[in-house]
Amino acid sequence: MPGRFEVVARDGATRAGVLETAHGAVETPVFMPVGTKASVKGVLPGELTALGARIVLGNTYHLYFRPGAELIAELGGLHRFMAWDGPILTDSGGFQVFSLRHTADRVDDEGVTFQSVYDGSRHRFTPELAMAVQRELGSDIAMAFDECTRADVTPQQLEQAVRRTSLWAQRSRAAEPAAGQLVFGIVQGATDMRMRERSAAEIIATGFDGYAIGGLSVGEERGAMLATVAGTTAMLPDDRPRYFMGIGDPVGLLDVIERGVDMFDCVLPTRFGRTGVALTADGRINLRNARYARDPLPLVEGCRCPACGDFSRAYIRHLVMQDEIVGLRLLTLHNLHHLIDLVGAARRAIVAGRFAEFRAGLAAGAADPIN
């Protein structure tokens, strides 16, 4: 039954759960690859499945402009359009209003007026429009429209954004979703816990199928971010999934899992792959560095991804330096595998009641301390 969420194991604040959606169950914690424009860059749907991905993201803002939600609906919805038969979460476009704020002409209680990044034409996004687009896309999880803020906003600006996010949440929830579509609300408030408490109370009172922690990873100090995550998860309903929007570094993923988060997404693994960077348990490898020109080792010893199974660092570096697309694809596949595998191992550790041991083992260099 879509919307059912069951916590199957706990270890301290960490949780392992199962979220039912119209396109299948999602085991949590889960990393969700980002397919902003109906494609995870450089990766085919079958490859995502082989990597262990179970849910991907699409973006309301970009799909609204190109190719248009009506066209996607006409062709059978987003799942059929991108040939992905698993669950899909769609962002509402609220973060794009933040990240592309130089294009915004006006933000008021009704919505946002802005210029398209594609052709400069003027458009108006409202909660109703954002939800209507997501209804046409037919995603499994639709996000409420919200106002994300910078880390350095004034208290007055932050209060205004929290108030407006609550107003828009009510209107988003009142909109008719697609059949079986879940709707998640978003808690804002930057690192101000008083504002977080207000936002959480108002969003929870509106009533959603899940709750996202928004407005973080936007420039604040990491310690303050983690303290805010811990404080916010404690405010959220225990029987609903918790989603941290926009985190994808390995240490960061484990940090938020440790604080009770169930779902997360980030463009980092695919973006790094396109710039010649591989993620490893010991940090990042920049294949453009000359030290790897004759390196016969795989990116990561023992890794089961397509890149590490057959190719050396020297070969992948050669591809990157020659702008060969296959090199960037191999790095993207590796990075996605690394994060998906890491989160899967974290889930096994939670079920076994050994998450702290798992983290300690990673720090000591064990590939997977909990088998």
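Located above this text is the structure these notes cover.
Residues numbered from 1 in each chain as written. Predicted model: local features only at pLDDT ≥ 70, side-chain atom pairs only at ≥ 80, totals over all residues. Heavy atoms only, no water.

Points about the sheet that holds strand β14 (residues 263-266)
Heads up, the rule is: One bridge is not enough; two strands pair if DSSP finds at least two bridges between them. In DSSP terms, a helix is any run of H or I states spanning at least four residues, a strand is any run of E spanning at least two, and both are numbered starting from the N terminus. Note on geometry: axes are lines fitted to C-alpha atoms, helical ones only across the stretch in contact, with angles between N-to-C directions running from 0 to 180 degrees.
Across the sheet, 8 strands lie side by side as β4-β14-β13-β12-β11-β10-β6-β5; this open sheet has parallel pairing. Only two strands of the sheet have a single neighbouring strand rather than two, namely β4 (30-33) and β5 (56-59). Strand after strand, the sheet turns through a mean of 25° between neighbouring axes, direction not considered. Inspection of the sheet shows β5 paired to strand β6 (residues 88-91) by 4 bridges, in the parallel sense.

Some words on helix α6 (residues 127-137)
Definition in use: Note on exposure labels: buried denotes an accessible area under 20% of the residue type's maximum, exposed denotes more than 50%, and partly exposed covers the range between, all computed with a 1.4 Å probe on protein chains only. The directions considered for the arc run from the helix axis to the C-beta atoms.
For α6, every residue scored as buried is listed here: Pro127, Ala130, Met131, Val133, Gln134 and Leu137. Each buried residue of α6 sits inside an arc of 155° when the element is viewed along its axis, so together they form one side.

Topic: the pattern of salt bridges
For the record, the criterion: Every case where a carboxyl oxygen of Asp or Glu lies within 4 Å of a side-chain nitrogen of Lys or Arg is listed as a salt bridge.
In this structure the tally under the stated criterion is 28 salt bridges. When the shortest N-O distance is used, the salt bridge between Arg313 and Asp295 registers 3.1 Å. One end of the pair, Arg313, is in helix α13 (residues 313-321); the other, Asp295, is in the loop between β16 (283-286) and α12 (306-310), with 18 residues separating them in the sequence. Of the two residues, Arg313 and Asp295, both sit in the buried class. Each of the salt bridges in this network shares a partner with another, and the network as a whole consists of Arg222, Asp249, Asp255, Glu258, Arg259 and Arg359.

Details of the environment of Met245
In this structure, Met245 sits in the loop between β13 (242-244) and α10 (250-258). Along the chain, Met245 and Phe145 lie 100 residues apart, while their C-alpha atoms are 13 Å from each other.

Remarks on the packing of aromatic side chains
Under the convention used in this document: Classification of ring pairs uses Phe, Tyr and Trp, with its six-membered ring standing for Trp, and accepts pairs whose centres are within 6.5 Å; under 30 degrees between planes counts as stacked, over 60 as edge-to-face, and the remaining range as tilted.
A complete count under the given rule lists 13 aromatic pairs for this structure. Centroid distance Phe145 to Trp168: 4.8 Å. Interplanar angle 25°. Geometry classified as stacked. Taken as a pair, Phe145 in the loop between β10 (141-143) and α7 (155-174) and Trp168 in helix α7 lie far apart in primary sequence, 23 residues in all. For Phe145, a relative accessible area of 0% corresponds to the buried category. On the basis of relative accessible area, Trp168 is assigned to the buried category, the value being 1%. Grouping aromatic residues by their ring pairs yields a cluster made of Tyr61, Tyr64, Phe65, Phe114, Tyr118, Phe125, Phe145 and Trp168.

Here we look at empty space enclosed by the protein
Stated formally: A pocket, in this scheme, is an open set of points on a 1 Å grid over the protein atoms alone with protein on both sides within 12 Å along at least 5 of 7 lines, while a cavity is a set where a 1.4 Å probe fits but cannot get out; residues line either one if an atom lies within 4 Å of a point. Grid points are joined across faces, edges and corners, and a volume is the space filled by probe spheres set on the points. Residues are grouped as follows: Ala, Val, Leu, Ile, Met, Phe, Trp, Tyr, Cys and Pro are nonpolar; Asp, Glu, Lys and Arg are charged; every other residue, Gly included, is polar.
Under the criterion given, the structure shown has 1 cavity of 30 Å³ or more. Each pocket or cavity is described by its volume, and for the largest cavity that value is around 40 Å³. Forming the walls of the largest cavity are Tyr61, Gln96, Val97, Leu100, Thr103, Ala104, Val112 and Phe114. Mapped by element, the contributors of at least two residues to the lining of the largest cavity are α5 (94-99) and β8 (111-115). Split by residue class, the lining of the largest cavity holds 6 nonpolar, 2 polar and no charged.

Side note on the packing of helix α14 (residues 325-351) against helix α15 (residues 355-363)
Relative orientation and spacing of two packed helices are given, respectively, by the angle between their axes and the distance between those axes. As a reminder of what qualifies: Roughly parallel means an angle under 35 degrees; roughly antiparallel means over 145; roughly perpendicular covers 65 to 115; every other angle is labelled oblique. Contact between two residues is taken to exist if any of their heavy atoms lie within 4.5 Å; hydrogens are not considered.
Following both chains from N to C, one finds α14 and α15 inclined at 140°, their axes separated by 8 Å at the closest point. Considering the angle they form, α14 stands oblique to α15. Where α14 approaches α15, its residues Leu342, Ala345, Ala346, Ala349 and Ile350 are matched on the opposing element by Phe355, Phe358 and Leu362. Tallied by class, residues from the contact of α14 with α15 come to 8 nonpolar, no polar and no charged.

A closer look at the pairing of strand β11 (residues 182-187)
Two faces make up the sheet, and in a regular strand the side chains alternate between them. Counting buried positions along β11 yields 6 of 6 residues, so the element is predominantly enclosed. Of the two faces of β11, both are covered, the one formed by Leu182, Phe184 and Ile186 as well as the one formed by Val183, Gly185 and Val187. One ladder, built from 3 bridges, connects β10 with β11; its direction is parallel. Across the sheet, the residue bridging to Ala142 is Val183, located in β11.

Examining the layout of surface pockets
Taken as a whole, the second largest pocket spans an internal volume of roughly 980 Å³. Around the second largest pocket, the lining is made up of 45 residues, and of these Phe95, Gly246, Asp265, Val267 and Arg271 lie nearest the centre. Counting residues per element, the ones that place at least two in the lining of the second largest pocket are β5, α5, α9 (222-233), β14 and α11 (268-274). Of the residues belonging to the lining of the second largest pocket, the class tally is 17 nonpolar, 17 polar and 11 charged.

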